Amino acid sequence: MAESPTEGVKSVARVFDLLELIADAGGDVTLSELSAMAELPLPTIHRLLRTLVALGYARQLANRRYALGPRLVRLGEVANRQFGQLAKPQLKELVDRLGETANLATLDGDQVIYVSQAPSPHAMRMFTEVGRRSHLHATGVGKAILATLDDQTVREIIARTGMPQSTPHSIATLDALLADLAVIRERGYAIDDGEQEIGVRCYAMAVPGAPIPTAVSVSGPVARVDEDFAARAIPVLTEAVQEIAAVTAAA
């Protein structure tokens with residue numbers, strides 16, 4: 001018997017639910033774990049996973065756990081590029097008004113990925129390649145994104161990734177990170193003070209209501225990006241993230 005349109009829609013929704021659950025679990029899960037999270041019968045989950053594995057959107061590991069598949073990488077890369085293009089005008093305006101490099105980054109698994117950039121006109125400037133992935137705890141955009149998550153989710157991410165030290169200034173302990181995130185939530189923006197790269201300071205702010213956790217930053221040498229710069233930058237960053245939120249909501 002052919003599947004009805006209603007049943008077809010339900011199956012599609014269940015497939016995406018399973019992919020989201022695998023992602024939320026850190027990238028791989030057991031069949032029973034998925035069953036508990038999805039509240040679906042094991043046979044249904046197993047059938048959907050077989051289809052996803054056959055198409056390359058999921059894969060079964062040697063330990064019989066299920067993970068996200070390689071065909072999702074291409075979809076994610078294309079989606080990230082398109083998302084980055086939406087914010088190009090706001091990033092360029094940030095550079096025009098502040099004179100420093102502006103970046104847009106999103107949460108990608110347990111890391112942050114830079115998806116768009118407008119470079120500073122200065123010869124000495126901050127440069128991060130679009131497509132680069134970094135640890136969340138050691139970047140301004142990463143900490144701004146972490147601050148939008150609850151502390152338990154932050155703990156789970158750090159448990160999976162650890163806290164590698166990019167520089168001697170990188171935050172080294174979970175307690176110190178959680179304390180910094182509390183400050184970020186209170187004041188509304190994150191600061192990377194040489195934590196990713198010595199001599200570089202970054203101010204970053206999360207995009208409210210973004211479809212995936214997203215942040216915008218302005219970065220430059222500490223000689224130019226000082227307290228006076230911060231006083232000018234924070235209001236401009238606030239305008240930018242609000243505009244990006246409106247653009248992405250309308251897209």
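Predicted model only: the values in this text are computed from it and were never measured. (Residues numbered from 1 in each chain as written. Predicted model: local features only at pLDDT ≥ 70, side-chain atom pairs only at ≥ 80, totals over all residues. Heavy atoms only, no water.)

With that settled, the discussion passes to the overall build of the protein chain. A count of helical and extended segments in the protein chain gives nine helices and nine strands. When each of the 251 residues of the protein chain is scored for burial, the buried share is 44%. Residue pairs at least 24 apart in sequence account for 55% of intrachain contacts in the protein chain once pairs closer than 6 positions are excluded. (Helix = DSSP H or I, 4+ residues; strand = E, 2+ residues; numbered from the N terminus. Buried < 20%, exposed > 50% of the residue type's maximum accessible area, 1.4 Å probe, protein only. Contact = heavy atoms within 4.5 Å.)

What follows concerns unusual backbone geometry. Non-glycine residue R64 carries a positive phi angle of around 75 degrees. Here R64 shows up in the loop between β2 (58-60) and β3 (66-68).

Throughout the structure, instances matching the rule amount to 12 salt bridges. Note that R65 is salt-bridged to D28, the shortest N-O span being 2.6 Å. Taken as a pair, R65 in the loop between β2 and β3 and D28 in strand β1 (residues 28-29) lie far apart in primary sequence, 37 residues in all. Across the pair E239 and R97 runs a salt bridge, and its minimum N-O distance is 2.9 Å. Placement of E239 in helix α9 (residues 227-250) and of R97 in helix α5 (residues 88-98) is noted, with a sequence separation of 142 residues between them. (Salt bridge = Lys/Arg side-chain N within 4 Å of Asp/Glu carboxyl O.)

Taken by themselves, the reported measurements are silent on function.
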